[in-house]
Amino acid sequence: MTKVLVLYYSSYGHIEQMADAVAEGARAGGAEVDIRRVPETAPEAVVRAAHFKTDTAHPLIESVDALAGYDAIVIGAPTRFGRMPSQMAAFLDTAGGLWMRGSLNGKVGGAFTSTASQHGGQETTLFSIITNLLHFGMTIVGLDYGFQGMTGVKEVHGGAPYGATTLADGDGSRQPSSVDLDGARYQGKRIAETAAKLKG
């Protein structure tokens, strides 16, 4: 069975919800799925003052070497000034050994994100994640236009060809919509199906 890792960092729970949806889609695509989060690197005082969400059902990733055991890795992180946050970057920066050994070459990768506003850097954040995955030698699967939910302008919703997205609003009050979560499920399923084909 194809093994998929959904690896994420979430400050306020939006990306955590998207991670669950990506995993649901990957399972529908026939994969065995693990959901893991990367360690928090912000000082405890900052975490408390900013009211970061610290309760989660998902365990921390065991180590960076665990990535080599998966056929596909889908990385989710919110935006920080148009790029991935330092928590995810710090984790990926420890993957030099995997890169040197070519441990992730030929595996499937994907990205998803959340921003406060519609023009808050969704695509550049996705690209900051995808750039890492390409350097690891991975084949990228985005959110293709087979998912029609991301088209149209009658409602506010996320979604880009480069990956599933959601919008949180400036105060974090907007939760992922059904369109956002459906896009995440669609991408997760496509990633699992692509990984199965490449593995086969």
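Residues numbered from 1 in each chain as written. Predicted model: local features only at pLDDT ≥ 70, side-chain atom pairs only at ≥ 80, totals over all residues. Heavy atoms only, no water.

Digging into helix 1 (residues 14–28)
Thought 1: Between its first and last C-alpha atoms helix 1 spans 22 Å; for 15 residues at 1.5 Å apiece the expected length is 21 Å, and the two agree.
Thought 2: Its buried side turned inward, helix 1 meets strand 1 (3–8), strand 2 (32–37), strand 3 (72–78), strand 4 (108–115), strand 6 (164–167) and helix 6 (178–199).
Thought 3: Positioned one or two residues after helix 1, glycine 30 has a phi angle of 95°, which is positive. (Helix = DSSP H or I, 4+ residues; strand = E, 2+ residues; numbered from the N terminus. Expected span 1.5 Å × (residues − 1). Contact = heavy atoms within 4.5 Å.)

Here's the deal with the pairing of strand 1
Thought 1: Of all 6 residues in strand 1, 5 are buried; the element is thus mostly enclosed.
Thought 2: Bridge count for strand 1 against strand 2 is 6 bridges, and the pairing is parallel. Paired with lysine 3 across the bridge in strand 2 is glutamate 32.
Thought 3: For the handedness criterion, the β-α-β arrangement of strand 1, helix 1 and strand 2 is classed as right-handed.
Thought 4: Relative to strand 3, strand 1 is paired through 5 bridges, and the arrangement is parallel. The residue bridging leucine 5 from the neighbouring strand is isoleucine 73, located in strand 3. (Buried < 20%, exposed > 50% of the residue type's maximum accessible area, 1.4 Å probe, protein only. Pairing = 2+ DSSP bridges. Right-handed = clockwise from strand over helix to strand, strands pointing away.)

Focus on the UniProt feature "binding site: FMN" (unreviewed entry) in the protein
Thought 1: Residues annotated by UniProt as "binding site: FMN" (unreviewed entry) correspond here to Ser10, Ser11, Tyr12, Gly13, His14, Ile15, Thr79, Arg80, Phe81 and His135. These residues run over 126 residues, and the two farthest C-alpha atoms among them are 28.9 Å apart, placing them at more than one spot.
Thought 2: When you line up the elements, tyrosine 12 lands in the loop between strand 1 and helix 1.
Thought 3: Other than its neighbours up to four places away in sequence, tyrosine 12 contacts Ala50, His51, Phe52 and Lys53.
Thought 4: Considering the arrangement of structural elements, one finds histidine 14 in helix 1.
Thought 5: We classify histidine 14 as buried; its relative accessible area is 6%.
Thought 6: Among residues more than four places away in sequence, those in contact with histidine 14 are Ser114, Thr166, Ala168, Gly172, Arg174, Gln175 and Pro176. (UniProt positions renumbered as here; feature names shortened; annotations may be inferred.)

Topic: helix 5 (residues 122–135)
Thought 1: In this model helix 5 runs 20 Å from its N-terminal to its C-terminal C-alpha over 14 residues, within 8% of the 20 Å that 1.5 Å per residue would give.
Thought 2: What helix 5 keeps buried is the set Gln122, Thr125, Leu126, Ser128, Ile129, Ile130, Asn132 and Leu133.
Thought 3: Residues of helix 5 that are buried in the fold lie against strand 3, helix 3 (86–92), strand 4, strand 5 (139–140) and strand 6.
Thought 4: One or two positions beyond helix 5, positive phi appears at glycine 137, with a value near 90°.

Some words on the pattern of salt bridges
Thought 1: Applying the stated criterion across every chain yields a total of 11 salt bridges.
Thought 2: Taking the shortest distance from any N to any O, the salt bridge between glutamate 44 and arginine 48 comes out at 3.6 Å. With glutamate 44 and arginine 48 both in helix 2 (residues 44–49), this residue pair falls 4 residues apart, about one helical turn.
Thought 3: Judged by its relative accessible area of 49%, glutamate 44 falls in the partly exposed class.
Thought 4: Judged by relative accessible area, which is 54%, arginine 48 ranks as exposed.
Thought 5: Aspartate 182 serves as the salt-bridge partner of arginine 185, at 2.7 Å between the closest nitrogen and oxygen. Of this pair, arginine 185 and aspartate 182 both sit in helix 6, 3 residues apart, which is roughly one turn of that helix.
Thought 6: The structure contains a network of salt bridges with shared partners spanning Glu16, Lys53 and Asp55. (Salt bridge = Lys/Arg side-chain N within 4 Å of Asp/Glu carboxyl O.)

Looking at the packing of helix 1 against helix 6
Thought 1: It is the contact of helix 1 with helix 6, at a shortest axis distance of 6 Å, that shows an interaxial angle of 45°. In terms of orientation, helix 1 lies oblique with respect to helix 6. Between helix 1 and helix 6 the crossing geometry is right-handed. For the pair formed by helix 1 and helix 6, the contact residues are Gln17, Met18, Ala21, Val22, Glu24, Gly25, Ala26 and Ala28 on the first element and Asp180, Leu181, Ala184, Arg185, Gly188, Lys189 and Ala192 on the second.
Thought 2: Residues of the contact of helix 1 with helix 6, tallied by class, amount to 8 nonpolar, 3 polar and 4 charged. (Axes fitted to C-alpha atoms, helices over the stretch in contact; angles between N-to-C directions. Parallel < 35°, antiparallel > 145°, perpendicular 65-115°, else oblique. Left-handed = near helix turned anticlockwise from the far one by under 90°. Nonpolar A, V, L, I, M, F, W, Y, C, P; charged D, E, K, R; others polar.)

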